[in-house]
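Each chain is listed here by its residues.
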Amino acid sequence: MQREFRIRTRQKRELVDITSQVAEIVRASGVSEGICHVYVAHATAAVVINENDDPNVCLDFLECLDKLVPHGIWRHDRVDNNAAAHIKAAMLGPSESIPIHSGRLLLGTWQAIMLAELDGPRERRVIVTVQ
Ligand code: ZN
């Protein structure tokens with residue numbers, strides 16, 4: 001089965017925890033053993049799995065991306081000034097797959113599913129496929 005939900009981001013760059021929305025879709029699917037695929041249909045957003053207990057992990061991650069991919073020095077910046085967001089989104093990728101066991105996402109204790117907003121604020125579409 002496949003479901004879609006929308007997230008309204010609030011910052012230029014941020015990580016938004018979407019674990020509960022994804023887990024609810026897995027519950028509703030009735031799938032006991034399978035795979036959950038989480039995908040964003042955007043060129044300046046991504047899906048990542050990491051810790052969301054200490055919020056500094058998310059801030060460090062975003063700061064690291066800023067250091068790796070500086071803003072404002074790329075060809076595409078002359079078009080709409082968001083080349084760094086495109087590059088970061090391509091590096092991170094638009095999706096993650098999580099195994100389902102006994103009807104639950106097999107996430108580790110410190111793992112959360114997060115939408116990476118890289119050129120917000122915007123409304124983002126998240127597509128979840130459960131099989
Ligand atoms: Zn662009």
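Up top is the structure.
Keep in mind that what you see is a predicted model, and the values were worked out from it rather than measured.

Engineer: Could you give an account of the nonpolar core, with specific residues and numbers?
Structural biologist: If you look at the biggest cluster of nonpolar residues, it comprises 22 residues, and the most contacted ones within it are Ile18, Val22, Cys36, Val38 and Leu105. The set of elements that each furnish at least two residues to this core consists of β1 (2-8), α1 (19-29), β3 (34-40), β4 (45-50), β5 (95-101), β7 (112-117) and β8 (123-130). Tallying contributions element by element places α1 first for this core, with four residues. Not counting residues within four places of it along the chain, the set of residues in contact with Ile18 comprises Phe5, Ile7, Val38, Ile113, Met114, Leu115 and Val126. In terms of nonpolar packing, the next biggest core, distinct from the first, is built from eight residues, Val48, Cys58, Leu62 and Ala116 among them.

Engineer: Before we move on, could you go through the sheet that holds strand β2 (residues 14-17) and cite the residues and values that matter?
Structural biologist: Taken together, three strands build an open sheet; the order of strands is β2-β7-β4 and the sheet is antiparallel. Edge positions in the open sheet fall to β2 and β4, since each of these has one partner strand only. Within this sheet the neighbouring strands show an average axis-to-axis angle of 35 degrees, counted without direction. Pairing of β2 with β7, which is carried by four bridges, proceeds in the antiparallel orientation. Considered in β7, the bridge of Glu14 is made with Glu117. In this fold helix α4 (residues 83-92) packs onto β4 and β7, with an angle of close to 45 degrees to the strand it touches most, β4.

Engineer: I'd like to hear about the coordination of the zinc ion, residue by residue, with values.
Structural biologist: For the zinc ion, the full set of protein donor atoms is His76 (NE2), Asp80 (OD), Asp80 (OD), Asn82 (OD1) and His86 (NE2), and the range of their distances to it is 2.0 to 2.6 Å. Read N to C, the donor residues that coordinate the zinc ion are spaced as H-x3-D-x1-N-x3-H. Since its relative accessible area comes to 29%, His76 is described here as partly exposed.

Engineer: Go over the layout of surface pockets with me, naming the residues and quoting the values.
Structural biologist: Reported here for the largest pocket is a volume of approximately 210 Å³. Every residue lining the largest pocket is listed: Thr19, Ala23, Val26, Arg27, Gly103, Arg104, Leu105, Leu107, Gly108, Thr109 and Gln111. Going through the elements one at a time, α1 and β6 (104-105) are the ones with two or more residues in the lining of the largest pocket. For the lining of the largest pocket, the element with the highest residue contribution is α1, accounting for four residues. Residue classes in the lining of the largest pocket are distributed as four nonpolar, five polar and two charged.

What counts and what doesn't
For every chain, the first residue of the written sequence is number 1, and numbering continues from 1 along that sequence. At least 70 in pLDDT is required for a residue's local features to be given in this predicted model, at least 80 for side-chain atom pairs to be given and counted, and no such filter applies to totals for whole chains, interfaces and linings, which use all residues. To get the side-chain values, all heavy atoms of the structure are used, and hydrogens and water are removed first. Only buried residues count toward a nonpolar core, which is a set of Ala, Val, Leu, Ile, Met, Phe, Trp, Tyr and Cys residues joined through side-chain atoms within 4.5 Å. For every residue, the accessible area (1.4 Å probe, protein chains only) is compared with the maximum for its type, and the residue is labelled buried under 20%, exposed over 50%, or partly exposed between those bounds. For the purposes of this entry, the term helix denotes a DSSP run of H or I that reaches at least four residues, the term strand denotes a run of E that reaches at least two, and both are numbered from the N terminus. Note on contacts: a residue pair qualifies if any of its non-hydrogen atoms lie within 4.5 Å across the two residues. At least two DSSP bridges between two strands are needed for those strands to be called paired. Helix axes are fitted to C-alpha atoms over the stretch in contact, other axes to C-alpha atoms as well, and angles between N-to-C directions run from 0 to 180 degrees. Coordination partners: N, O, S within 2.8 Å of the metal, 3.2 Å for Na, K and Ca; water not considered, so apparent gaps in a site are possible. Whether a set of points on the 1 Å grid over the protein atoms alone is a cavity depends on a 1.4 Å probe fitting there but being unable to get out, while an open set qualifies as a pocket with protein on both sides within 12 Å along at least five of seven lines; lining residues are those with an atom within 4 Å of a point. Grid points are joined across faces, edges and corners, and a volume is the space filled by probe spheres set on the points. Residues were grouped as follows: Ala, Val, Leu, Ile, Met, Phe, Trp, Tyr, Cys and Pro as nonpolar; Asp, Glu, Lys and Arg as charged; and all remaining residues, including Gly, as polar.

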